[in-house]
Amino acid sequence: MKAIHFPKYGSFEHLKQIEKPIPEPNSKQILVRVKNSSTNAMEWHIFRGLWMVRMKCGIFKPSKKYDVQGADISGEVVSVGSEVKGFKKGDAVFGDIFNGGYAEYALAEEHQLAKKPENVSFEQAAAIPVAGMTALKGIRDITKVKKGDHVLINGASGGVGTFAVQMAKHYGAKVTAVCSGKNAAAVIALGADEVLNYETTDFCSQGIKYDHVIDVVGNRTPKEMKRILKPGGICAVIGMTTLTLMFRFMLNPSKQIKVVHVEPNSEVLTTLGEMLSSGAVKSYITAKFPLAQVPQALKNVSTRHVCGKQVIVIE
Ligand SMILES: NC(=O)c1ccc[n+]([C@@H]2O[C@H](COP(=O)([O-])OP(=O)(O)OC[C@H]3O[C@@H](n4cnc5c(N)ncnc54)[C@H](OP(=O)(O)O)[C@@H]3O)[C@@H](O)[C@H]2O)c1
């Protein structure tokens, strides 16, 4: 099978399409013929080998288990291990497998997948797992956004942000979106009520207090975030720009600041499938790349200015 080999941290030169044997599922695994994958900031963090990544994927270089990247997948089940109960050959599925998705075939476990609704395309499904689960956790589970809330979303135009805007609107909130001027129209089209351009406006100095904040960027201090929250309001921290800020947030646990951590979950993926199917949200796909061009797609992610989602077309 064709796969994008990732033998070395930080080197686009070594990130190449190669031929590999099709992986064999063990008794608990599902072999998926991958139709689409997508990119997330997560792949960029893994690619450049952050120390947290190296603890899991290999200190000096990615270990054999992690030498193909790609968390999000959609595709068709080819075969299942003897202990797999919820999926069978021929099922159309999508999910978050952490790694291995930039390939023609990938292995998954049951909790990492959900069945794809028939009226949802494979491309739409492949764009949602990591970013959608993260946005849903921030909006539905952590801040529990409800009708009438005023929510600020910092980083509204990226992968997580474009889902967060739509989900906050779905739960009935008024949304103030923070992004650059070039992406303002896109974010308004997704449902945001107003946009603050971070190039010209400091959202922490407007004198406005929000019911909740979804911080996908992570470029402000806990103190600044608390200042723009109403009493009882929560800031769900999803992204982080510097280690210093990360430690400040982690060492300052409070009722108002909650750091979001997401693990693959079949039930949550099923909910996302239903949201796509009903039209409550859509994956805002702004670019498509064939498998061989994964390095270019990851270079784009490294700029931190991809708007919406980039999809990888494999089959
Ligand atoms: N906690 C978790 O479990 C979890 C899960 C998923 C992702 N994350 C984290 O969440 C972050 C976002 O992930 P993603 O996949 O959505 O990334 P992404 O799609 O690459 O985000 C790119 C977006 O960030 C925006 N941006 C860059 N600088 C900004 C600034 N100063 N203010 C406002 N927006 C800014 C860009 O908007 P403009 O082009 O308009 O500037 C662009 O649209 C990453 O740090 C990622 O690691 C965490």
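Residues numbered from 1 in each chain as written. Predicted model: local features only at pLDDT ≥ 70, side-chain atom pairs only at ≥ 80, totals over all residues.

It is worth spelling out the overall build of the protein chain at this point. What the protein chain contains, in helices and strands, is ten helices and 15 strands. What you see for the protein chain is a C-alpha radius of gyration of 19 Å, in line with the 20 Å of a compact globule of 315 residues. With respect to the three principal axes, the spread of C-alpha positions in the protein chain is 60 × 40 × 35 Å. Across the 315 residues that make up the protein chain, the buried fraction comes to 48%. For the protein chain, the proportion of contacts with a sequence separation of at least 24, taken over those separated by at least 6, is 67%. (Helix = DSSP H or I, 4+ residues; strand = E, 2+ residues; numbered from the N terminus. Rg over C-alpha atoms; globule rule 2.2 N^0.38 Å. Buried ≥ 20, exposed ≤ 12 C-beta atoms within 10 Å, placed from the backbone. Contact = placed C-beta atoms within 7 Å.)

In summary, soluble globular proteins display a tendency toward joint burial of nonpolar side chains. Val32, Ile153, Ala164, Val165, Ala168 and Ala177 are the most contacted members of the largest nonpolar core, which has 97 residues in total. Summarising the domain contributions, this core has at least three residues from each of domain 1 (2–127 + 283–313) and domain 2 (131–259). When sequence neighbours within four positions are dropped, the list of residues in contact with Val32 reads Ile73, Gly75, Glu76, Val77, Val78, Val93, Tyr105, Ala106 and Ala108. (Core = buried A, V, L, I, M, F, W, Y, C linked by C-beta atoms within 7 Å. Domains from an automatic or database assignment.)

The N-to-C vectors of helix H4 (residues 129–142) and helix H9 (residues 266–278) enclose an angle of 95°; their axes lie 10 Å apart at closest approach. The angle between H4 and H9 places the two elements in the roughly perpendicular class. Residues Pro129, Gly132, Met133 and Leu136 of H4 form the contact with H9, whose participating residues are Val268, Leu269, Thr271 and Leu272. Here the residues of the contact of H4 with H9 are counted per class, giving six nonpolar, two polar and no charged. (Axes fitted to C-alpha atoms, helices over the stretch in contact; angles between N-to-C directions. Parallel < 35°, antiparallel > 145°, perpendicular 65-115°, else oblique. Nonpolar A, V, L, I, M, F, W, Y, C, P; charged D, E, K, R; others polar.)

Next up on the list: the environment of Gln29. Tracing the sequence through the fold places Gln29 in strand S3 (residues 29–38). Sequence-wise, Gln29 and Met52 are 23 residues apart; in three dimensions their C-alpha atoms are separated by 26 Å. The contacts of Gln29, once residues within four sequence positions are left out, are Gly81, Leu107, Ala108 and Glu109.

Along its sequence, the protein chain is organised into domain 1 (2–127 + 283–313) and domain 2 (131–259). Computed from C-alpha coordinates alone, the two centres of domain 1 and domain 2 are separated by 27 Å. In this assembly, seven residues from domain 1 lie in contact with nine residues from domain 2. Here the residues of the side of domain 1 that touches domain 2 are counted per class, giving three nonpolar, two polar and two charged.

Near the ligand you find 32 residues, and of these Gly158, Gly159, Val160, Ser180 and Gly239 are the closest. Class assignment for the residues of the shell around the ligand results in 16 nonpolar, 15 polar and one charged. Shared between two domains, the shell around the ligand holds at least three residues of each, these being domain 1 (2–127 + 283–313) and domain 2 (131–259). (Near = placed C-beta within 6 Å.)

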